[in-house]
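Structural characterization, general
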Amino acid sequence: MPYPESLVAPMRAEMTQMGAAELRTVADVDAAIGGSTGTTLVFVNSVCGCAAGNARPAMKMALGHGVLPDRTVTVFAGQDLDAVARARSYFGEYQPSSPSIALLRDSKVVHFVHQIEGRSPQAIAADLTKAFDAHCSNSVGA
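What counts, and where the lines are drawn
Residues numbered from 1 in each chain as written. Predicted model: local features only at pLDDT ≥ 70, side-chain atom pairs only at ≥ 80, totals over all residues. Heavy atoms only, no water. Helix = DSSP H or I, 4+ residues; strand = E, 2+ residues; numbered from the N terminus. Rg over C-alpha atoms; globule rule 2.2 N^0.38 Å. Buried < 20%, exposed > 50% of the residue type's maximum accessible area, 1.4 Å probe, protein only. Contact = heavy atoms within 4.5 Å. Areas by Shrake-Rupley, 256 points an atom, 1.4 Å probe, with all protein chains shown as cover. Core = buried A, V, L, I, M, F, W, Y, C linked by side-chain atoms within 4.5 Å. Pairing = 2+ DSSP bridges. Axes fitted to C-alpha atoms, helices over the stretch in contact; angles between N-to-C directions. Arc of directions from axis to C-beta.

A few words on the overall build of the chain. What the chain contains, in helices and strands, is five helices and seven strands. Overall, the chain shows an N-to-C arrangement of helices and strands of α-β-α-β-α-β-β-α-β-β-α-β. Radius of gyration (C-alpha) of the chain: 14 Å, near the 14 Å computed for a compact globule of 142 residues. When the 142 residues of the chain are sorted by exposure, 44% land in the buried category. Here the contacts in the chain between residues at least 6 apart in sequence split such that 73% fall between residues at least 24 apart. Counting only carbon and sulfur atoms, one obtains 52% of the accessible surface of the chain, whose full area is about 6600 Å².

Now the structure itself:
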């Protein structure tokens, strides 16, 4: 059973304020990820403490980097069940985890962050920005 929308609304808003597009349906996910070219950062959001204390702060830090993915999207585990399942279907061999962060190039995973619990937001952000530098070409302000 999905979490009540009133519970997740502030967590959704936190991501959209960072510029992430919400994917709430299978069609949304397929339109954003399936067959896309370039880079897409997919954040699987969650109500857990490690999402609030580690993952979302890390996303905010990483999205302030000078090189970014072409697009950033988010799905919400425990809420948009079908959309999350479809997003995870693009993650290949990686086991479902919430929260988690996938960087895709041309719809294929090139970097995946699932070890969030026990890591600082700074360490996660550094991991992401290193992946952005290696796989993305969207320079902010260029």
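In terms of nonpolar packing, the biggest core is built from 23 residues, with Leu41, Met59, Ile101, Ile116, Ile124, Leu128 and Phe132 touching the most fellow members. At the level of elements, β2 (39–45), α3 (49–62), β3 (67–68), β5 (100–105) and α5 (121–135) are the ones that each hand at least two residues to this core. When residues no more than four places from it in sequence are discounted, the contact partners of Ile101 are Leu41, Val42, Phe43, Met59, His111, Phe112, Val113, Ile116, Ile124 and Leu128. Within the second largest apolar cluster, 16 residues are counted, among which are Ile33, Val42, Val73 and Val84.

With that settled, the discussion passes to the sheet that holds strand β6 (residues 108–113). Taken together, five strands build an open sheet; the order of strands is β1-β4-β2-β5-β6 and the sheet is mixed. Two strands in the sheet have a free side with no partner beyond their single neighbour: β1 (21–22) and β6. The pairing of β1 with strand β4 (residues 71–76) spans two bridges and is classified as parallel. Residue Glu22 lies in a different strand from β4, and its bridge partner there is Thr74. Along the sheet, α3 makes contact with β2, β4 and β5, crossing β2 at roughly 165 degrees. Where helix α4 (residues 81–89) meets the sheet, its contacts fall on β2 and β4, and the angle it forms with β4 comes to roughly 130 degrees.

All buried positions along α4 are accounted for by Ala83, Val84 and Ala87. On an axial view of α4, the arc spanned by its buried residues comes to 100 degrees, and they lie on one face. For α4, exposure combined with an orientation more than 90 degrees from the buried face picks out Asp82 and Ser89. Residues of α4 that are buried in the fold lie against α2 (26–32), β2 and β4.

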